[in-house]
Amino acid sequence: MRILAIETSCDETAAAVVEDGRKLLSSAVASQVDLHAQYGGVFPEMASRQHVLAVYPIVQQALKEAHLSLDELDAVAVTRGPGLPGSLVVGVNAAKGLALGSGLPLVGVNHLEGHIYAAWLYRQEPPPEEPRFPILALIVSGGHTELVLIREHLRYERLGGTLDDAAGEAFDKAARMMGLPYPGGPAIQRAGAEGDPRAFAFPRAWLGDSWNFSFSGLKTAVLRQVQSLKAQRETLPVPDLAASFEAAVVEVLVVKTLRAAERFGAASVLVAGGVSANRRPRQEISLRSPLPVHIPPLEFCTDNAAMIAAAGSRRFAAGQRDALGMDVLPSWPLSEMAFAPM
Ligand code: KG4
Ligand code: ZN
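Residues numbered from 1 in each chain as written. Chains lettered and ligands numbered in written order. Predicted model: local features only at pLDDT ≥ 70, side-chain atom pairs only at ≥ 80, totals over all residues. Heavy atoms only, no water.

### Notes on the domain arrangement of the protein chain
As a reminder of what qualifies: Domain borders in the structure are assigned automatically or taken from a domain database. Contacts: residue pairs with any heavy atoms within 4.5 Å of one another. Buried area, as used here, totals the accessible surface that two parts lose on assembly, with accessibility defined by a 1.4 Å probe and the loss added over both. For this analysis, a salt bridge means a side-chain nitrogen from Lys or Arg found within 4 Å of a carboxyl oxygen belonging to Asp or Glu. Polar contact is defined as a pair of N or O atoms within 3.5 Å, subject to the rule that within protein one atom must be able to donate a hydrogen and the other to accept it, and that residues adjacent in sequence are counted only when both atoms are side-chain atoms. Helix numbering and strand numbering both begin at the N terminus, where a helix is a DSSP run of H or I of at least 4 residues and a strand a DSSP run of E of at least 2. Three categories are distinguished: nonpolar for Ala, Val, Leu, Ile, Met, Phe, Trp, Tyr, Cys and Pro, charged for Asp, Glu, Lys and Arg, and polar for the others, with Gly belonging to the last.
Segmenting the protein chain into domains produces domain 1 (2-123 + 300-339) and domain 2 (135-295). Using only C-alpha atoms to locate each centre, domain 1 and domain 2 end up separated by 26 Å. Residue-level contacts link 23 residues of domain 1 with 22 residues of domain 2. Of the roughly 1900 Å² buried between domain 1 and domain 2, counting both surfaces, carbon and sulfur atoms make up 73%. Together, L112, I116 and C301 form the three largest contributors to the area buried by domain 1 at its contact with domain 2, with a combined 27%. For the interface between domain 1 and domain 2, the tally reads zero salt bridges. In this structure, the connection of domain 1 to domain 2 is made through seven residue pairs in polar contact (both at pLDDT 80 or more). Listing elements by their share of the side of domain 1 that touches domain 2, those giving two or more residues are helix 1 (33-37), helix 4 (111-117) and helix 10 (306-317). Among the elements that line the side of domain 1 that touches domain 2, the one with the most residues is helix 4, at five residues. In terms of residue class, the side of domain 1 that touches domain 2 is built from 13 nonpolar, six polar and four charged.

### Remarks on unusual backbone geometry
For clarity, the cut-off: Here the term buried applies to any residue with accessible area under 20% of the maximum for its type, exposed to any over 50%, and partly exposed to those in between, with areas from a 1.4 Å probe on protein chains only.
Note the cis peptide between F133 and P134, where omega equals -10°. In this structure, P134 sits in the loop between helix 4 and strand 6 (135-140). In this structure, D20 takes a positive phi of about 50° despite not being glycine. Residue placement: D20 occurs in the loop between strand 2 (12-19) and strand 3 (23-31). Its identity as a non-glycine residue notwithstanding, L207 has a phi of 55°, on the positive side. Secondary-structure assignment places L207 in the loop between helix 6 (184-192) and helix 7 (216-231). Given a relative accessible area of 33%, L207 falls into the partly exposed group.

### A few points about the pattern of salt bridges
Counted by the stated rule, this structure contains 15 salt bridges. Here E125 makes a salt bridge to K23, at a shortest N to O gap of 3.9 Å. Taken together, the positions of E125 in the loop between helix 4 and strand 6 and K23 in strand 3 put the pair 102 residues apart, joining distant regions of the chain. Looking at E125, the relative accessible area reads 52%, which means it is exposed. Its salt-bridge partner being E130, residue R314 comes within 3.9 Å of it at the nearest N-O pair. With R314 in helix 10 and E130 in the loop between helix 4 and strand 6, the pair connects residues that are 184 residues apart, well separated along the chain. On the basis of relative accessible area, E130 is assigned to the partly exposed category, the value being 36%. Each member of the salt-bridge network shares a partner with another, and the members are D165, E169, K173 and K219.

### Considering the site of ligand 1
The condition is simple: Proximity is defined per residue: any heavy atom of the residue falling within 4 Å of a molecule or strand makes that residue near it. Residue-level accessible areas treat just the shown protein chains as cover; the underlying method is Shrake-Rupley with a 1.4 Å probe.
The environment of ligand 1 is made up of 21 residues, and the closest members are G142, D172, G185, N278 and D303. G142 places a polar main-chain atom, nitrogen or oxygen, 2.8 Å from an oxygen atom of ligand 1. A distance of 3.1 Å separates an oxygen atom of ligand 1 from a polar atom in the backbone of G168. Coverage of ligand 1 by the protein chains reaches 89% of its 550 Å² of free accessible surface. Looking at the shell around ligand 1, the elements with two or more residues in it are helix 4, helix 5 (167-177) and helix 6. At four residues, the largest contribution of residues to the shell around ligand 1 is made by helix 6. Within the shell around ligand 1, the residues separate by chemical class into six nonpolar, 13 polar and two charged. Each of domain 1 (2-123 + 300-339) and domain 2 (135-295) accounts for three or more of the residues forming the shell around ligand 1.

Here it is as structure tokens:
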């Protein structure tokens, strides 16, 4: 089974081909990051326009790298949501056009489910071991921070999530306060590599027994610290600020995820989404977890279409076929995914 997938939910235009839900045949990503960096964040209208220009060349590139033509595929999968409405529309329309022209079935995929299934992808034989159910999954991206219990394929129980900023969003905003460029996550990681994570005691929001997260207090603390340092006319100790911020975010994420894994009797832990590209949570969770930890390879942590193909393959195999009238779902939650097998 070979699935072509398209991803345009935010600021990467991506296409990929995956075989049997796991084996990567090709993955092409055109990032718009340089375009948006000058605005300090994603400029939605520009993102849509850029997707229009890039989507078909990226699909061509993915097919070419996989040495396949459309008639050798089984379905076209596409990110239906959540994401920027105008950006999602471009990908969904491109997928509809390909499905209509080729007669291939269309499969709409939830972007967060894509982040989860990135953990099943591999490039080279032998395939890595699959995460064992029940899985405790932490999804940490620019738009989401979700703690999810997965007892079986394609079924999600949401335990909690952020009450304010997503983890990636907190990285992006803190980076801006420190004068670092967009996207903030990689910039903070680079700057913080030389810094002392104990230099500033930034707050950790534990929120009692709940499985929720909050990063707004931390964000305010960073802002106050930066303002007070600037008032004293000191040059900002950016490496220390970055390392201390990173440590505060990561400690809460790691501790709560492992606590939930224990509480719900998980057999494995999965971390996915853009922030899981960060070295600190990758190391800390693997070090502290008594359970096997699955984190996708770096290239599949940030947005890509291979993960959409992986999730789309599972849904296609389970019988999902979407109508050509399928609409985008910009706020589609993971745990309320409407899916009626045919
Ligand atoms: O999953 P993703 O590519 O897009 C969304 O679905 O949102 O995540 C993007 C987010 C951005 O906020 C970015 O700053 C963050 O992931 N990110 C990182 C790192 N690389 C990307 N955060 C921390 N450390 C990183 N190395
Ligand atoms: Zn994402």
